[in-house]
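Remarks on the overall topology
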Amino acid sequence: MTTVDPASPKKPPWAGKDRPRVLLLGAGNRPHVEEEAERLSHLLPKFAEIVHTDLEWEADLSEIDADFAIVLGGDGSILGAARSMGYKQIPIVGVNMGKLGFLAAFTPDHVVDQLAALCAGDCQIIEHMMLRCRVFKDDEVIAERIGLNEMAILGGPPFQIRTIDLYVDTQLATSYSCDGLIISTPVGSTAHNLSAGGPILRADLRAFVVSPISPHTLTMRSVVDTGDRCFEMHLRGSDRTMSVVVDGRVLSPVTGDHRVRVDQAQPRFKLVAMHDHNYYRTLREKLGWGGQIDHGR
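Residues numbered from 1 in each chain as written. Predicted model: local features only at pLDDT ≥ 70, side-chain atom pairs only at ≥ 80, totals over all residues. Heavy atoms only, no water.

Considerations on a negative patch on the surface
A surface patch of negative charge is lined by Glu34, Glu35, Glu56 and Glu58. Position of Glu34 relative to the elements: it lies in helix α1 (residues 33–43). (Patch = residues over 30% accessible without salt bridge, like charges linked within 9 Å, V, L, I, M, F, W, Y side chains within 5 Å. Areas by Shrake-Rupley, 256 points an atom, 1.4 Å probe, with all protein chains shown as cover. Salt bridge = Lys/Arg side-chain N within 4 Å of Asp/Glu carboxyl O. Lys, Arg positive; Asp, Glu negative; His and termini not counted. Charge placed at Lys NZ, Arg CZ, Asp CG, Glu CD. Helix = DSSP H or I, 4+ residues; strand = E, 2+ residues; numbered from the N terminus.)

Notes on α1
Listing the buried residues of α1 in full gives Val33, Glu36, Ala37 and Leu40. When α1 is viewed along its axis, its buried side chains cluster within an angular range of 100 degrees and face the same direction. Facing away from the buried surface of α1 by more than 90 degrees, the exposed residues are Glu34, Glu35 and His42. Looking at the buried side of α1, the elements it contacts are β1 (21–26), β2 (49–54), β3 (68–73), α3 (108–113) and α4 (115–120). (Buried < 20%, exposed > 50% of the residue type's maximum accessible area, 1.4 Å probe, protein only. Arc of directions from axis to C-beta. Contact = heavy atoms within 4.5 Å.)

Brief notes about the sheet that holds strand β12 (residues 223–226)
Within a beta sheet, neighbouring strands are joined by backbone hydrogen bonds and run either parallel or antiparallel to one another. In space, the 6 strands of this open sheet follow the order β12-β11-β10-β7-β14-β15, with antiparallel pairing throughout. Only two strands of the sheet have a single neighbouring strand rather than two, namely β12 and β15 (249–254). If you compare each strand with its neighbour and ignore which way they point, the axes differ by 20 degrees on average. Relative to β15, strand β14 (residues 242–246) is paired through 5 bridges, and the arrangement is antiparallel. Considered in β15, the bridge of Met242 is made with Val254. (Pairing = 2+ DSSP bridges. Axes fitted to C-alpha atoms, helices over the stretch in contact; angles between N-to-C directions.)

With respect to the confidence of the model for the chain
When pLDDT is averaged across the chain, the result is 90; 93% of the residues are at 70 or more. Low pLDDT, under 50, characterises residues 1–6; the predicted model gives this stretch 3 contacts beyond four residues in sequence or across chains. (pLDDT = per-residue confidence, 0-100.)

As for the pairing of strand β6 (residues 140–147)
Two elements, strand β5 (residues 124–137) and β6, share 7 bridges in a ladder whose sense is antiparallel. Looking across to β6, one finds that Leu131 is bridged to Gly147. Between β5 and β6, which pair antiparallel one after the other, the connecting turn spans 2 residues, and Asp138 there sits at a positive phi close to 60 degrees.

Some thoughts on unusual backbone geometry
Residues other than glycine seldom take positive phi values, yet Asp138 does so here, at roughly 60 degrees. On the secondary structure map, Asp138 appears in the loop between β5 and β6. Even without being a glycine, Asp247 presents a positive backbone phi close to 50 degrees. Secondary-structure assignment places Asp247 in the loop between β14 and β15.

Here it is in C-alpha cells:
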C-alpha cells in the first residue's frame, strides 16, 4: 500500500488558472518595501489579478479570497501574514527585503524573474505544521492563538528562577527550574529555540521541540517529540506572574491559577518554493555554515 507523506511538496491549486488571485503584502515601514510593491503592482497584472494590497497590516486576511500572497519583508512579515490569515492559510511567496529571512526565500529580482512561473503554478507548495496555544483558568479558555514559530513562557519582575511543571498527554514529564520554557515547531526551531540552545529540525517535519531557558539543572536538555502530542504547563506559585508569548506577541499573563496547553493546530502554513528548493542550502546560506565550501559545486 502506498501512502502520501503530508509534508511532501504539493502542486499549487491555482495551476491551470488563467489569472490567479494574489495578495500583495508587506511591512511598508521597512526600507524599499514600498518601492518593491510599486514595481510588482505594475508587473503582476500581466499574469494575475491583485485582489488586495496591504502594507500596514490593517486587513483581516482571512476575509479575503485569494490563491496566494506575496509578502515583502522578512520572516517577521511572514509571521504577521500567517497570524492575520488565522485558520484560513493560503500559500505565501516570501520576498526577503532584510538580512536573514529563513522563510523569505526569494530576492526581489528573483521573484520578478519567476513571476510568470509562479502565477502559472510552475512551483511547489511546502506545508509546515503550526501550533495552537490555549490558556485555561479552571475549565474556561481565556486566551487562544495559533502560531508558526513558538510558544514561550517568559518571566518578568521579579527576575527569579521559576518552576514549571510539564505534562505530556496528561502525564507528568518533568519539572523545570528555569527562566522560561519554549515549545517550538520545526519552522521555529531556528528562531528563539536555537538561541536557547535547542536543536535545528527540518522545517517540514511534524514535531515539537521543548527547550528550557537557562535551566538550573544541567541535565535538563531540549526534547524532540512527535507533532501529535499535547503539552500542558503549570506554573508553581500563584503569586508569581509570567507571560505566555506566541510568535513574539504576548497572549496572556499567567500565574499558578492557569494552565497553558499547546498542541498541533488544524491549519498548515503553506510556503511557495521553486522546484530547485534545497533546505540544507538554506541553512548553509542563512546560518553561515561556511567551512571550506567549494562554491564551484
